[in-house]
Amino acid sequence: MIAEQFNYDAPSTLNEAFALLQEYGDEAKILAGGHSLIPMMKLRFSSPTHLIDINNIPDLNHIKEADGQLKIGALVREVDLEDSDLINQKYHIFIDATKLIADPQVRNFGTIGGNIAHGDAANDHPAVMIALGAEVEITSPEGQRVVPIDEFFYGFYTTAVQHGEILTEIRVPAASGKYGSAYYKVERKVGDYAAAGVATMVQIGEDGICQKAGIGLTNVNPLPMRASRSEEVLVGSQLTDEVIEQAAKMASEDCNPSEDLRGDEDYKRHLVKVITKRMLKKAIERAQNS
Amino acid sequence: MIKCKTSKEIGGMGHSKKRKEDARFIQGKGNYVDDVKLPGMVYMDIVRSPYAYAKIKNIDASKALEIPGVLAVVTGKDLEQYNLHWMPTLMSDTQMVLPTDTVMYQAQEVAAVIATSRYIARDAKEAVMVEYEPMDPVMDPYKAMDEDAPVLRSDKEGKEDNHIWHWEVGDKNKTDRVFEEAEVTVKQQMHIPRIHVASIETCGCVASYNKVENHLTMYMTTQAPHAIRTVIALVAGHVGLTEEKIRVISPDIGGGFGGKVPVYPGYVIAIAVSFLTGLPVKWIEDRSENLQADSFARDYHITAEMAGTKEGKILATRFKVLADHGYTDASANPSKFPTGLFSIGTGSYDYNAAYMEADAVYTNKPPGGVAYRCSFRVTEAVHAIERLTDVFASEIGKDPAQLRMDNFIKKEDFPWASPTGWSYDSGDYHAGLQKAMDAINYDELRIEQAQLRKEGKWMGIGISTFTEVVGAGPSKDFDILGVKMFDSAEIRVHPTGKAIARFGTKSQGQGHETTYAQIVAEELGIPMEHIQIEEGDTDTAPYGLGTYASRSTPTAGAAAAMAARKLRDKAKRIAAYLLEVSEEDLEWEPGKFFVKGAPEKSKTIQELVFAAYTNHPPGMEGGFEATHYYDPPNLTFPSGAYICVVDIDPETCHIKIRRFVAIDDCGNIINPMIVQGQVHGGLTQGLAPAMYEELIYDNAGNILNGTFMDYLVPTAVESPSWETGHTITPAPHHPIGAKGVGESPTVGAPPAIVNAIVDAVAHLGIKHLEIPVTPYKLYKELKAVGHFE
Amino acid sequence: MKKSINITVNGADHTIEVEPRTLLVHAVREILNMTGTHIGCDTSSCGACTILINGKSAKSCTILAIQADGKEITTVEGLATQEGLHPIQEGFHLAHALHCGFCTPGMMMRAIEMLEKNPNPTEEEIRWGISGNLCRCTGYNNIVKAIQWASAKMEGRELPSTEPEFV
C-alpha cells in the first residue's frame, strides 16, 4: 500500500506553516502524528498534494496547569499523557483512554491534537474532552481564538479548524475539590475503535452534592456527543444508584448509534447505559478518594 | 517425563533442543520472498474488481502506460493468446488467471501492471480504467441451489446449475433406522464461517525466467514446492516450460497454515510476464489483497444430528453439509476427498451407525476451501461432533464429561473401525480427559459454578475431546492431481560423520531444521547439531508433496527414520567387517555398534561412516547416503482433551477465558518444546474463529472486513495463558510412533470454547451459539430468549 | 521530486534519496537493504515493521522516511554486538518465542522499548505492551516468557526457567 505522490515541508515555526498553508490551499494537509492520515493516504482514501509536517514546531508539546486550566499542547503524544505525573495524579481519564487507543507504537506518535482535529466520532479524546468541558485553541496568522468543545465538531472529518488554521492547544478546567473522571470503551479487540465509549467527570461538594458533571460519548452518534440530559440529572443531586441509573438510561436514549460490524443500535444503546453507569461510579469513587 | 534413548549431546527424540533455525530469524537474517532482489527485477501490481459479479466491457490501459516506468499492462485477452487465461485448481476445477469477460467475486484479479518500481506499479494500477456491467451476485449458498438462481459457471459447457459435487459416506439405511428407533434425538444447525489464515507474511513470488537457457526459477511462498513445480509444468508445458526447466525455491515462509498451498493467479501472471520479457518479476500481495482474494477456509453449513439413549449412550450421528466454495472449488484436498477428511466427524465415541452427505455450490465469493491450520476439513467435523455431543448431554441432563467418558472408544479396542471407514490407529481417550479434568479441578468448578449462578454470575465450563486424522496419506487412497501423497527424505553423511538431510516438505515455522535433525540423530547417533536440514529447493530436495495438514512428521519424518535405518544397516555391515564378527553378533546403542558380550569392541557411527569412504568392505557400494520415499500404511489419529473455563460479564457480555487446559496425544514426541509451542499457537488459532474471526460479505458481494482493522486476529491481550500437557499413545504403524500435532489445537479448541460459553448461559435458555461467539452476538441471542429488556 | 535525507541506522550514517511518500520501512528494506524489518499489513495493525526511532518503538510502515530525517534508527540488525546477542534475542531463542520468524523482529523491537520504560513488567503489562504486534504462530505464551527472561537478564535478577512446562 503506497500513497499518491505529494510534496512535503517541515516548517520550524507556526508562521512558516501558515505561509505554506496559504500557498498550497485546500489540497494541503497538516501532518502531526500521522497515524490516522498516513494509513488513509496509503489506502488512497485521502490524497493531499502537500503535507505540512508540524512536528518541528516548538512549544506545542506541553502538559501543565496554569490559570486554573490544564493545558495540553497539540503535539503532545498519547504516550506523553501516559507518562505524565500530573496526568497520573489528577486526570485519570486520560490514563483510562490512552490505554485503549490503538497500541503502544501508535501512541508513541499519535497526538492529542490530531485525535481531536481528525473530527472522527470514533476517536476517543473527543468524548473525553466533552466530559472535561474542554476548549480548543486554534491559531491562525490573525491570532488565536478559543472554541468550546461543544462547538468544535462540525461533521464527519470536519471541525472548527478552518483552512489556514492550526489547532495549537487544548484546555481543560483544572481539577479541584472532590474531582474524578473515567473512561471506558467496549472494543472487539484491543486497539479497535469503540463499539461504544463513555467519558465521565464529576465534581462533588463536601455535602455530597454533585456540583459539576460531564459525560461524553464515543462512536454512538454522528458527532462526538455530550449526554446533556444525563449531566443535568446529576448536577445538584446526591449521586445515588438511582440517579446514576437514570443518567445512564438517558445517555442511552439520547445517543444515535448506527449499525456496523461492532453491533446494532440496540446493542450500542445497551452498552452506553452499562458503561455510563460504570464510569460514573468509577469517577465518583475517584472523586471521593481525591 | 518423556524418556530419551539418546544422550543430550546426540539430541535424539524427546529432547527439548533449542531450534537451529532461530539464529537467522532473531538477527534479521531470514530470507523471505520479499527479501529476494534480483538484477533488473520489475514489480507487478494487480487491478482488482470492485464488483462481485460483472461483465467486463472494456479495459483502458492507455493512461497507465503513459506513466514513466510502466512497462506493460496484462489482461486476460493477452493471456488468452497463450491459452494461459484459465488454470486448473488442485480439485480439478478451473479458475481464471485473468478474466476475458466476467469477474466472479469482489477483489478478483482483472489486469496486472508491470513497472520498474513498486511505487510506480501502484500508481499505474489506479490509472487502469475498467468499465464493468455489474450483475446481481449470488452470495447465499442455499439460494445458489434455487432452481431460478443464475448459473454462475456458464463458461462450463452444459452447466445448468450451481451444484459442484455431491459426496456421501456411511450406511444411510442403518443410520436412519437407529434414528427412528432412538429414545432421544437432537439436531443442531451450525455454520462454520469463512475465515482466512492471515499468516503475517502475505503471499508473493519472484518469477525469473532466463530466456537464453529456457529456465524458470520461481521464488515463491509455497508450502509445497514440488507439487507447484509439477502444476506449473502442467499449466505451462505447452509453451515450452517443461518440468526439468523449472526450479521452485520456497525460501523462509512467514507462516502458511494452508493458505500457501494453492497456486494463485498472481503467480501465473508473474511467470507469464517473466517468460515473455525475460525480466525477473516480483509480486507481493498487500494484506487487503491477501484477505480479500486468497483462498478462504471453511464455510460449511452443517445440519448435525445425534441419536442416543436416555442414559446417554450415543447410537448414531447424521451430518448434512452445504459447502460454499465461491466461484470455483479451489480446495487443496486429496483428489478423492472433496470434503477432505470430514468423515472423521463421528468423533471419539464408540457407536456404529453414521451417515454423512455433502453438496458443494458455487457463489460469487473468492474461491477456496483450504485449511486454516487444519487437516482437510477436520475442524468442521470436530466442531460438529463436539458441539452436538454437548447438545445431546444438555438434552438428557447429563454432565458432558461423564457422557464423554461413557462413550469413548476404549484403549483396548484399537485399532478401531469407524462407521465412516477409518481405522483409528491408537488412543487413550479416558486417560486424556481424566488428566485434563484433574488439571482444571473439574468437579470443584462445577460446585463453584452452581454457587456463582446463585449470585447471578455467569461462568461456564466447556469440553472438547477430539480425534484428529492426519498424515495424508497412503498411496492407495491419497493423491493430489494424481501424484501420490508419500513424502521423502534423503540423507548424506559426509566422511567426517556430519550430515545433510533433504526433504520434500517445507517448514513454515514448524521447526523442521531441528526436529528432522533429531529424528536422524535418534536413528544414527550423530549429534543433531551436526545434521544440516534443507527443504524448499526442488533442484536439490527429493520429491514430496509438502507441508500442510500436519503431515510432515507422519510422512517425511517417517521417511527420515527409514532412510537413517537404511544407513544404520549399512553401518552394521561395515562394523561387522571392521570388527571381524558376523552382523548377528553386533548390538546398537545410539552412536555405536558393539560386539555382544564384549562392549569394548565397538565402532562409533563416525568411524563407520569414515570407513564407508576410506575402507569399505569389498563388494559394498562406497559412500554413505540413503533416500526413502515413505508411503504410510495408515493415517495417524492424534487426539486431545481440552477444557475451557469462561467468565462472562452479565451486562456487557464480555467473555473472558479464565483457564484453558489442553492435553494432547500426538504419539511419541520428538521435541517437547516444539510440540508445546505448536499447541500454544494452534490454540490461539482455535480461539480466533471461536470468538473473533470471520470474513463477512453483504448481499451485494462486498467484503465488509478486508483489512486487519476489522478482520480480528487475536493479540496477546485476547489470547489467554494456555496450559498444556500430554499423554502418549504411540502410532503403532509409524516408524517412530509419532502422529503429528500442528493442527490438533486449532481443531480442538473452538468447541471447547463455545461449549464453555453456552454452558455459562445455558440456564438462561441458550442451547447453541454460532461462531465466532462475540459479545454482540451473545447479547442478541440472550435478548432473543428474553433476557435483556 | 526526490529529497535527500540523513538517517543513522544501527550507528551508521546514511544519506539517501527518497520521494516524500517513501515509507520508512521501504527505505530501510529496499534502499538500505536491511530486510530484517518486515511488512505484514497496510493499516499499522500488525507491528511486523516495528523499529526504534530515537529509542521509541515505531511502525515504520506508517512513518515517512522523510520524517526520520536526522533521526537515529535501530533495527533488528543492530541488536547483536561483538559481545553477542541482545538479551531479548537470547530470550526469544531460549523460550521458543518464534516459529516462522516473520513477526519476530518487530516483536523484539517493541519489547526492547517496553523493557526500557518498565524493566520488570507483569505478564499483564507485557501482553498489553505487545498488543500492537500480531503473531500468528506462537499463541504468545512463549513470547511473554521470553520477555520475562530478557527482563531478568537485563536487570541482573535470577533467570527464570525457559524449559517447557509440558507434562
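To be clear, the structure that these remarks concern was listed above.
Definitions and cut-offs
Residues numbered from 1 in each chain as written. Chains lettered and ligands numbered in written order. Predicted model: local features only at pLDDT ≥ 70, side-chain atom pairs only at ≥ 80, totals over all residues. Helix = DSSP H or I, 4+ residues; strand = E, 2+ residues; numbered from the N terminus. Rg over C-alpha atoms; globule rule 2.2 N^0.38 Å. Buried ≥ 20, exposed ≤ 12 C-beta atoms within 10 Å, placed from the backbone. Contact = placed C-beta atoms within 7 Å. Nonpolar A, V, L, I, M, F, W, Y, C, P; charged D, E, K, R; others polar. Arc of directions from axis to C-beta. Pairing = 2+ DSSP bridges. Axes fitted to C-alpha atoms, helices over the stretch in contact; angles between N-to-C directions. Expected span 1.5 Å × (residues − 1). Parallel < 35°, antiparallel > 145°, perpendicular 65-115°, else oblique. Left-handed = near helix turned anticlockwise from the far one by under 90°.

1. Examining the overall build of chain B
Helices and strands together make up the secondary structure of chain B, namely 19 helices and 33 strands. The C-alpha atoms of chain B give a radius of gyration of 27 Å, which matches the 28 Å a tight globule of 789 residues would have. The principal-axis extents of the C-alpha atoms in chain B amount to approximately 85 × 75 × 50 Å. Of all 789 residues assigned to chain B, the portion counted as buried reaches 62%. Summarising the internal contacts of chain B: among those between residues at least 6 apart in sequence, 79% fall at separations of at least 24.

2. A word on the overall build of chain A
Of the regular secondary structure elements, chain A holds eleven helices and 14 strands. In terms of overall dimensions, chain A is globule-like: its C-alpha atoms have a radius of gyration of 19 Å, near the 19 Å expected for 290 residues. If one aligns the C-alpha atoms of chain A with their principal axes, the spans along those axes are about 55 × 45 × 30 Å. Split into buried and exposed, the 290 residues of chain A put 57% on the buried side. For chain A, the share of sequence-separated contacts (at least 6 apart) that also reach a separation of at least 24 residues comes to 65%.

3. A closer look at the interface of chain C and chain B
In this assembly, 46 residues from chain C lie in contact with 49 residues from chain B. Among the secondary structure elements, those contributing two or more residues to the side of chain C that touches chain B are helix 2 (87–94), helix 3 (104–117), helix 4 (123–129) and helix 5 (141–155) of chain C. Across the side of chain C that touches chain B, the residue classes break down as 23 nonpolar, 17 polar and six charged.

4. Observations concerning the environment of Ala371(B)
Residue and element names in this part refer to chain B. When you line up the elements, Ala371 lands in the loop between strand 18 (368–370) and helix 10 (378–396). A count of 30 C-beta atoms within 10 Å places Ala371 in the buried class. Not counting residues up to four positions away in its chain, the partners in contact with Ala371 are Phe257, Gly258, Ala297, Phe376, Tyr548 and Ala549.

5. Some points on the environment of Ile101(A)
Residues and elements named next belong to chain A. Position of Ile101 relative to the elements: it lies in the loop between helix 5 (92–99) and helix 6 (104–109). Judged by local crowding, Ile101 falls into the buried class, with 22 C-beta atoms found within 10 Å. Distance from Ile101 to Lys249, taken between C-alpha atoms, is 26 Å for residues 148 residues apart in sequence. Setting aside residues up to four positions removed in sequence, Ile101 forms contacts with Glu78, Arg107, Gly110 and Asp124.

6. Side note on the interface of chain C and chain A
In this assembly, 20 residues from chain C lie in contact with 23 residues from chain A. The element that contributes the greatest number of residues to the side of chain C that touches chain A is strand 4 (residues 56–59) of chain C, accounting for four residues. Partitioning the side of chain C that touches chain A into residue classes produces four nonpolar, ten polar and six charged.

7. Focus on helix 1 (residues 14–24) of chain A
Residue and element names in this part refer to chain A. If you check which residues of helix 1 are buried, you get Ala17, Leu20 and Leu21. All buried residues of helix 1 project into a common sector of 100° when viewed along the axis, lining one side. Exposed residues lying more than 90 degrees from the buried face of helix 1 are Asn15, Gln22 and Glu23. Packing partners of the buried residues in helix 1 comprise strand 1 (7–9), strand 2 (28–31), strand 3 (50–53) and strand 10 (166–173).

8. Description of the sheet that holds strand 7 (residues 143–148) of chain A
Residues and elements named next belong to chain A. Here five strands make up an open sheet; going across it, the order is 4-5-10-6-7 and the pairing antiparallel. Each edge of the open sheet is held by one strand with a lone partner, namely strand 4 (63–66) and strand 7. Taken pair by pair, the neighbouring strands of this sheet meet at an average axis angle of 25°, ignoring direction. The sheet contact formed by strand 5 (residues 69–73) and strand 10 spans five bridges and is antiparallel. Bridge pairing in strand 10 places Ile72 opposite Ile170.

9. A short note on helix 18 (residues 744–761) of chain B
Its 18 residues place the ends of helix 18 of chain B 27 Å apart at the C-alpha level, agreeing with the 26 Å of an ideal helix rising 1.5 Å per residue. Most of helix 18 of chain B sits out of view: 18 of its 18 residues are buried.

10. A few points about the packing of helix 2 of chain C against helix 5 of chain C
All names here are of chain C. In contact at an axis separation of 8 Å, helix 2 and helix 5 are set at 140° when each is read in the N-to-C sense. If you check the angle between helix 2 and helix 5, you find them oblique. As helix 2 runs across helix 5, the sense of the crossing is right-handed. Taking contact as the criterion, the partners of Pro87, Ile88, Glu90, Gly91, Phe92 and Leu94 in helix 2 are, on helix 5, Ala146, Ile147, Trp149, Ala150, Lys153 and Met154. Here the contact of helix 2 with helix 5 is composed, by residue class, of nine nonpolar, one polar and two charged.

11. A few points about the packing of helix 14 (residues 512–524) of chain B against helix 15 (residues 552–579) of chain B
All names here are of chain B. Two numbers describe how helix 14 lies on helix 15: the axes approach to 8 Å, and their chain directions differ by 35°. Like other packed secondary-structure pairs, helix 14 and helix 15 cross with a definite hand, here right-handed. Residue-level inspection shows His512, Tyr516, Ile519, Val520, Glu523 and Leu524 of helix 14 in contact with helix 15, the latter providing Ser552, Gly557, Ala560, Ala561, Ala564, Arg565, Leu567 and Arg568. Class assignment of the residues belonging to the contact of helix 14 with helix 15 gives a composition of eight nonpolar, three polar and three charged.

By themselves these figures say nothing about function.
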